[in-house]
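What follows is the residue order along each chain.
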Amino acid sequence: MAVSNYSLKVNRRLLDPSFESYRLSLEPIPTYNVELDAAVAEVKLKDSQYTLDHVRAFGMYNYLHLDPWYEDSVFFVDCKGRVLNLTVTLDTALGKPIEVFHMSSDHTTCEDRLCASLSFISATWASLSDGAGRLYLLRTSMRRENRSLKWEPMFSEEMGEPFTILHSISHVQAGVHSMEVLLLRIQKDPSSDSDAKGSGYSVSLEWITVSNTAEQGQEKKYKVRKRKVLRGKSVPHYAALEPQGKGLMVASEKPFVFTHVDGALLEQPAAQAMEMESSTGGSMLQVIDPIYFWQQTIEDITVSVRMPEGITKDDVLFKLSMENVSVGVQGFAPLLEGQLHAPVDPEASAWIIKDEKSLEVTLQKRSEGPMWPELLTGGDRRGEFLMSEEQTALLHERLTYLTTEDMNANPDKDKPPCNAQELEDCDGFPEDSSNLTRFDGESLKPTHVVNLGSHQYLFTVDLNPSEMPSFCLRHDVDALLWQPRPDQPSNMWEHIATFNALGYVQASKRDKKFATCPPNFSYAALGECLRRVFIYRQPSPVDTVLFNRMQGRQVGQVAKQQVASLESNNIVLGFRATNERLFVLTSNNLFVLKINN
């Protein structure tokens, strides 16, 4: 299955070009405090966990878990190994969190212990990691009707090194109940050289399938049916399984690739690996070297295609028509294939093998003169265009007027050039470019790739339990929410909501730790490491007549910003939003902020 490059399509109807700013509102946010009987099971980073990936995965972990099937119901794990639940019906009558499960094993003795993690598989199932390498699959019954009912472990097994759970789903096929769980580990990379660049760690994503193996009428017994492992060099911003386990989506700054299935190492042929790396055009599956180079004159095109060393003419597969070209090696996918930018003359074109390791193709242009902006239509990124010295000098001469050693060579112009010293920190974008990749669940190969470029990743949120988690990206100054639609290959990621100016606002919060939004998109919330919480509401109609003094026009809507300060000096460990409430967890307190009535 070939990799296709896609782009995220912004819904212009969800953008507000006339948005001005947020108005600070002094309206108090009702805040309720629940004191915990035992501290949250916080696990602090050790000296050996020094990399940025450790901080992202474990230091910034959200210890509070929201039940997407039942609103205003949150869960967390305390230091006694208890899974506790707080469900809010009346804010002024909050009770104590109720224990729903107790991990029996002494997981605190594990030297490399991580934070316990929880993920809700369905309305009646949950997955739990004790942080020491054990995975629980728990039957919870209908959690809304049976809040105080203890969860029943239907599967409990050591899965190797400690991990955290990223996502989990449930499905039934041919009468067999299966659960898919995605685990994250950061491991010492045995292939890394201590003197080489890098942290010496690699990131592992393990996709585990657990199924009911009992026949009809027998007691249910769940066992691991499949274990698939991906490896990469950075903690993913986003990783989620598709419904029915048909695929996997990963957003990351570094490449991820499947390496093992059920413990067996997958073979990665050099040509296929080269194709997979190049098809992404960037950082998700990075291009180490281009597959081909091309140059042009007004008369012809010269393409040099990299080939396995020792190639002969009998191994080459070459097809050329007036508008299409295909170059490859027998037994592998084509290295150069697609529609040419403009017609060529096949009879006047030719190819030769050079140095037994490259193929040089000469394409005669059918129309002399026009220079091609690309070799293949559709933005193929597997090749690199090389200019001749004459072309480089001509281009430099044409662009000279755009450059100067003076910061402002002509200050009398109506629009002077931008002064970089006047930019603020929040105007900048991250240097690293991320990619969003969709992997097929059967072939384990990438099928869709989106280069996120400088669109900073902000947060992930569960909006609808029947769909994949949504993710929020910075788009210019705004923040755009995207919903994966794996059943729509032509529009796999849909723009569903916009938070005006949130991209700019959040970048100015240096102490920001968490960000989220509710399912109805009525507000966005930012949480700092200590005490402060910021609420940014969507524009709403004003009750009184309000005028803009600068422009002299009436203002019909106002977007409010509110700030809440928590009565706690402990670090914020959890942060979740519902349509009515915002839940904030510290080591000894659970705060409930009433945002909407």
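Residues take numbers from 1 onward in each chain, read along the sequence in its written order. Given that the model is predicted, a residue must reach a pLDDT of at least 70 before its local features are reported, and side-chain atom pairs must reach 80 or more before they are shown or counted; all residues, however, enter totals for whole chains, interfaces and linings. Side-chain calculation: all heavy atoms of the structure are included, whereas hydrogens and water are not.

A. Spotlight on the overall build of the protein chain. Segments assigned H or I by DSSP are reported as helices when at least four residues long, segments assigned E as strands when at least two residues long, and all are numbered from the N terminus. Each helix and strand in the protein chain was counted, giving four helices and 41 strands. Exposure is judged per residue with a 1.4 Å probe applied to protein chains only, and the accessible area is read against the type maximum: over 50% gives exposed, under 20% gives buried, and values in between give partly exposed. For the protein chain, the residues scored as buried account for 45% of the 597 residues in total. Long-range contacts, defined here as pairs at least 24 residues apart, represent 58% of the contacts in the protein chain between residues at least 6 apart. For the protein chain, the computed accessible surface area is about 30,500 Å², with 48% contributed by carbon and sulfur atoms. Should any heavy atoms of two residues lie within 4.5 Å, those residues are counted as being in contact. A 1.4 Å probe and the Shrake-Rupley method give the accessible areas. Residues count as covered only by the protein chains that appear here.

B. Focus on the confidence of the model for the protein chain. By definition, pLDDT measures how confident the predictor is in each residue, and it falls between 0 and 100. Of the residues in the protein chain, 82% have a pLDDT of 70 or more, and the chain-wide mean is 83. Counting interchain partners and residues more than four positions distant, the pLDDT-below-50 stretch residues 269-288 has 55 contacts.

C. Summary view of the packing of aromatic side chains. Stacked, edge-to-face and tilted are the three classes for Phe, Tyr and Trp ring pairs, Trp counted by its six-membered ring, which pair at centre distances within 6.5 Å; planes under 30 degrees apart are stacked, over 60 edge-to-face, the rest tilted. This structure, assessed with the given rule, holds 14 aromatic pairs. An angle of 65 degrees between the planes, with centres 5.2 Å apart, marks the rings of Phe19 and Tyr22 as edge-to-face. Comparing Phe19 with Tyr22 shows no difference in burial state: the two are buried. Ring centres of Phe75 and Trp151 lie 5.4 Å apart, and the angle between their planes is 40 degrees; on these two criteria the pair is classed as tilted. A residue pair is termed long-range when its members are at least 10 positions apart, and Phe75 in strand E5 (residues 73-77) and Trp151 in the loop between strand E10 (134-139) and strand E11 (152-158) qualify at 76 residues.

D. Structural context of the pairing of strand E25 (residues 344-354). Paired strands, in this sense, are two strands between which DSSP finds at least two bridges. Here E25 runs beside strand E26 (residues 358-365); their pairing, made up of seven bridges, is antiparallel. In the sheet register, Ile353 faces E26, and the bridge partner there is Leu359. In sequence, E25 turns back onto E26 through a hairpin of three residues, with Asp355 there showing a positive phi of about 60 degrees.

E. Summary view of unusual backbone geometry. With a phi angle near 60 degrees, Ala501 is a residue other than glycine that sits in the positive phi range. Among the structural elements, Ala501 can be located in the loop between strand E33 (493-499) and helix H4 (502-507). We classify Ala501 as buried; its relative accessible area is 15%. Of note, the phi angle at Arg531 is positive, near 65 degrees, even though the residue is not glycine. Examined against the element boundaries, Arg531 turns out to sit in the loop between strand E35 (523-528) and strand E36 (532-537).

F. View of the side chain of Gln483. Looking at where Gln483 falls in the secondary structure, it is placed in strand E32 (residues 478-484). Judged by relative accessible area, which is 2%, Gln483 ranks as buried. At 2.4 Å, the side chain of Gln483 and the side chain of Ser470 are in polar contact. Polar contact is the term for a pair of N or O atoms within 3.5 Å; when the atoms are in protein, one must be able to donate a hydrogen and the other to accept it, and sequence-neighboring residues count only if both atoms are side-chain atoms.

G. Main features of the sheet that holds strand E8 (residues 117-120). Read across the open sheet, the four strands follow the order E8-E9-E10-E11; overall the sheet is antiparallel. Among the strands making up the open sheet, the edge pair consists of E8 and E11. Across the sheet, the mean angle separating the axes of adjacent strands is 15 degrees when strand polarity is ignored. Two elements, E10 and E11, share six bridges in a ladder whose sense is antiparallel. Opposite Leu138, over in E11, you have Pro153 as the bridge partner. Helix axes are fitted to C-alpha atoms over the stretch in contact, other axes to C-alpha atoms as well, and angles between N-to-C directions run from 0 to 180 degrees.

H. Inspection of helix H1 (residues 52-59) at higher detail. Within H1, burial applies to Asp53, His54, Ala57 and Phe58. Around the axis of H1, the buried residues are gathered within 95 degrees of arc, so they sit on the same side. The inward-facing, buried residues of H1 abut strand E12 (164-173), strand E13 (176-188) and strand E14 (201-212). The arc in question is the one spanned by the directions pointing from the helix axis to the C-beta atoms.

I. Examining the pattern of salt bridges more closely. Any carboxyl oxygen of Asp or Glu within 4 Å of a side-chain nitrogen of Lys or Arg constitutes a salt bridge here. Scanning the entire structure with this criterion turns up 23 salt bridges. Between Glu528 and Arg532 there is a salt bridge, with the nearest N and O atoms lying 3.1 Å from each other. Under the relative-accessibility criterion, Arg532 is labelled partly exposed at 40%. The partner of Glu580 in a salt bridge is Arg581, with the nearest N and O atoms 3.4 Å apart. For Glu580, a relative accessible area of 29% translates into the label partly exposed. Residue Arg581 is classed as buried on the basis of its relative accessible area of 3%. One network of salt bridges, with partners in common, ties together Asp72, Asp91, Glu580, Arg581 and Lys594.

J. Spatial organisation of the environment of Ile186. Secondary-structure assignment places Ile186 in strand E13. On the basis of relative accessible area, Ile186 is assigned to the buried category, the value being 12%. Sequence separation of Ile186 and Ala57 is 129 residues, and the distance between their C-alpha atoms is 8.6 Å. Aside from chain neighbours lying at most four places away, what touches Ile186 is Asp53, His54, Ala57, Phe58, Tyr201, Ser202, Val203 and Val235.

K. Molecular detail of the sheet that holds strand E15 (residues 222-232). If you walk across this open sheet you meet the six strands as E12-E13-E14-E15-E18-E19, and the pairing is antiparallel. Strands with a single pairing partner mark the edges of an open sheet, and in this sheet they are E12 and strand E19 (264-265). For strand E18 (residues 256-261) and E19, the ladder comprises two bridges, and the chain directions are antiparallel. Counted as the bridge partner of Val261 is Ala264 from E19.

L. Spotlight on the pairing of E36. The buried count for E36 comes to five of six residues, which makes it a mostly enclosed element. In terms of strand pairing, E35 meets E36 through five bridges, oriented antiparallel. Within the sheet, the bridge partner assigned to Leu526 lies in E36 and is Phe534. A loop of three residues connects E35 with E36, the two strands running antiparallel in sequence, and Arg531 in this loop sits at a positive phi of about 65 degrees.

M. Quick look at a nonpolar patch on the surface. Exposure above 30% relative accessible area and the absence of a salt bridge qualify a residue for a patch, where like charges join within 9 Å and nonpolar side chains (Val, Leu, Ile, Met, Phe, Trp, Tyr) within 5 Å. Together, Leu45, Leu52, Val55 and Met60 make up an exposed nonpolar region whose accessible area comes to about 310 Å². Mapped onto the elements, Leu45 comes out in the loop between strand E3 (31-35) and H1. In this structure Leu45 comes out as partly exposed when scored by relative accessible area, which is 32%.

N. The arrangement of the environment of Val100 in detail. Mapped onto the elements, Val100 comes out in strand E7 (residues 98-102). Classification of Val100 as buried rests on a relative accessible area of 1%. With residues near it in sequence (within four places) discarded, Val100 still touches Phe75, Val83, Asn85, Arg147, Leu149, Lys150 and Trp151.

O. Broad picture of the side chain of Asp478. Summarising the element assignment, Asp478 is placed in strand E32. Of the side chains with opposite charge, Arg12 comes closest to the buried, unpaired Asp478, at an N-O distance of 8.2 Å. A distance of 2.7 Å separates a polar atom in the side chain of Asp478 from the backbone nitrogen of Ala501. Positive charges are assigned to Lys and Arg, negative charges to Asp and Glu, while His and the chain termini are left out of the count.

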